Amino acid sequence: MTRTTVPPVACVGEARLTAGFAEFGRLDLPAHEEVHGPLGPMEPADLLRLAEGAQLRGRGGAGFPFARKLRAVLESGERQDLSAVVVVNATEGEPASWKDKVLLTRAPHLILDGAALAAYALDADEIIVGVADDGVGRDSLTEALQERRMPVPTSIVTVPHRFISGEGGALVNGINGLPHIPPGTKRRSSDSGVGGLPTLLSNAETYAQLAVAARLGPYEYAALGTDDEPGTVLLTVTGAARRAAVVECAAGTPLREILDLCEAPDGPGVLTGGYHGKWITQEAADRAGISRAGLAAVGGTLGAGIIVPLGADTCPLGETAQVVRYLAGESAGQCGPCRMGLPDLARAVDLAVSGSAPVEVVRAAAGDVKGRGACSHPDGTARFALSAMEVFAEDLRLHTTGEGCGRRVGGVLGLPGAPDPNPQRLTLDWSRCDGHGLCAHVVPDFIRLDANGYPAFPPTPVPTWLRDGALKAVKVCPALALRLTRAE
């Protein structure tokens, strides 16, 4: 599936967000009103009661209670005597996620309904919808805005399709004309967001869920789902699934039912929550329910609603190493844990997967970044890497002994772009190396000096973002001992 090909949609049980898709494909305004019915504005107190009664939480990954966000913006605006801004985060920078793109392309009016409800309740000055520059959904959203009248001026802002560009602070920075990266210091958008104004920032699905809840009311909304997590969930199911799809289901639906619907084969494990998520075993997947609590009970996480099963012939550790290298390359580069720690973590994972180092090197590298970043990127990357080391411990043992797990690395986790057409590996002519150490100074993120002062590096291909540094290391080697050759 390419970055611009939206997957098909499926539903288990009653359709809410995906209602009308089978009949209309994309719901224009008349179809939207026919399927969902009218929706009027709500006063702040009423919208707060609705969000609290429906226990609505953000669907972008963090799961923060929407009512608390709404109340924080209301109180901040009153305290500072400032107007508010409503921001819809539809950037979906996570490469493995497609649910927001499905809503943009097929149900844009649900997203706009929710944003309009929030803007009216907050007496906001404007609504801004952030979308990625991959082109998916922007035309549909533009058409939807032309079909209706919004309560306040509404605009679309395009941001780079990068992993970190989907982070809330990065989106606010981009709207404010700054680089599309998370701010170097943590700050609450409810106090100072777009233009320094109190800003309600939430995910596209969250606003769509708000629009559904407003029509149904909290009690009917809770007729589906669990007591603690009412309503439905949108999932992106890809990986080895023969029928990759965005699936709507009630919270609490067995994960096994979703995997069977998408014809996912049994394999070594299932990634839950995406690149900042956690791996679970096949046995755990058979016991899990689709909810934050249900997945956490088996060691997984709902995250942004991403489910990626692996096939029986796929090497989970090799796939993990690819993603950790990608995440290291997606660093904003503005704090030590990202700029230095994540490349070190990627190197540690490479070493462990290649059998060149024990798993302790991964744990140590992950420990160096956890809880220290300016945003959640280092923590999420460390969680993903450590989860793989734990869930696939037996595979890791086989890699460590040099036998390998016998499975292939096929790039099934949805990494953007084509595989590296010219993978290259560093080699060392030990008969020439005099241990000058210059190479380690040039590219310390890949080459280290061992206890005897000689260069040490993983036998895996050099990550693309370190390729220039590796080439420079080759050129500065006084003994001409270092080579950069094609990795077979």
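In what follows, the accompanying structure is described. Counting of residues starts from 1 at the beginning of each chain's written sequence and follows it residue by residue. Reporting in this predicted model follows two pLDDT cut-offs: at least 70 for local features of residues, and 80 or more for side-chain atom pairs to be given and counted; totals over whole chains, interfaces and linings ignore these cut-offs and use all residues. Side-chain metrics rest on all non-hydrogen atoms present in the structure, leaving aside hydrogens and water.

A short note on the overall build of the protein chain
Operational definition: Secondary structure follows DSSP: runs of H or I at least 4 residues long count as helices, runs of E at least 2 residues long count as strands, and numbering of each begins at the N terminus. Method for areas: the Shrake-Rupley scheme with a 1.4 Å probe, in which residue coverage is limited to the protein chains shown. Note that His is not counted, nor are the chain ends; the positive residues are Lys and Arg, and the negative ones are Asp and Glu. Here the site of a charge means atom NZ of a Lys, CZ of an Arg, CG of an Asp or CD of a Glu.
Secondary structure summary: the protein chain contains 19 helices and 14 strands in total. With the model as given, the accessible surface of the protein chain reaches about 19600 Å², and the carbon-plus-sulfur share is 50%. Measuring between centres, the 45 positive side-chain charges of the protein chain sit 6 Å from its 56 negative side-chain charges.

Digging into the state of the cysteines
Put simply, the test is: Cysteine sulfur atoms that come within 2.5 Å of each other are treated as a disulfide pair. Any residue under 20% of the maximum accessible area for its type is buried, any over 50% is exposed, and the rest in between are partly exposed; the area is computed with a 1.4 Å probe on protein chains only.
Applying the stated rule across the entire model yields 0 disulfides. Note on cysteine 439: no disulfide assigned, nearest cysteine sulfur contributed by cysteine 477 at a separation of 6.6 Å. The class for cysteine 439 is buried, based on a relative accessible area of 10%. On the basis of relative accessible area, cysteine 477 is assigned to the buried category, the value being 15%.

Topic: the environment of glutamate 14
Under the convention used in this document: We call two residues contacting when some pair of their heavy atoms lies within 4.5 Å. Pairs of N or O atoms are called polar contacts if they sit within 3.5 Å, as long as, within protein, a hydrogen donor faces a hydrogen acceptor (for residues adjacent in sequence, only side-chain-to-side-chain pairs).
Along the chain, the position of glutamate 14 falls in the loop between β1 (9-12) and α1 (21-24). In this structure glutamate 14 touches Leu224 and Thr232, once residues within four positions along its chain are discounted. Polar contacts involving the side chain of glutamate 14 include one to the side chain of arginine 16, which spans 3.5 Å.

Section: the pairing of strand β11 (residues 424-428)
Put simply, the rule is: Pairing between strands is defined by DSSP: at least two bridges between them are needed.
Residues Gln424, Leu426 and Leu428 point to one face of β11 and are all buried, whereas Arg425 and Thr427, pointing to the other face, are not buried. Both β11 and strand β14 (residues 482-486) contribute to a ladder of 5 bridges, which runs antiparallel. Across the sheet, residue leucine 426 finds its bridge partner in β14, namely leucine 484.

Here's the deal with the nonpolar core
We apply this condition: The nonpolar core is taken to be a set of buried Ala, Val, Leu, Ile, Met, Phe, Trp, Tyr and Cys residues, with the residues joined through side-chain atoms within 4.5 Å.
Leu47, Val86, Leu122, Ile127, Leu200 and Tyr207 are the most contacted members of the largest nonpolar core, which totals 55 residues. When residues of this core are traced back to their parent elements, those giving at least two are α3 (44-53), α4 (66-80), β2 (85-90), α5 (99-106), α6 (108-122), β3 (126-132), α7 (138-147) and α9 (204-221). Top contributing element to this core by residue count: α6, with 10 residues. Counting residues in hydrophobic clusters, the runner-up holds 43 residues, among them Ala96, Leu310, Val324 and Leu386.

Comments concerning the side chain of threonine 199
Along the chain, threonine 199 turns up in strand β5 (residues 199-203). Looking at threonine 199, its side chain comes within polar contact range of the main-chain nitrogen of valine 194, at 2.9 Å. Threonine 199 has contacts with Val73, Val85, Val87, Ser189, Ser190, Gly193 and Val194, leaving out every residue within four places of it along the chain.

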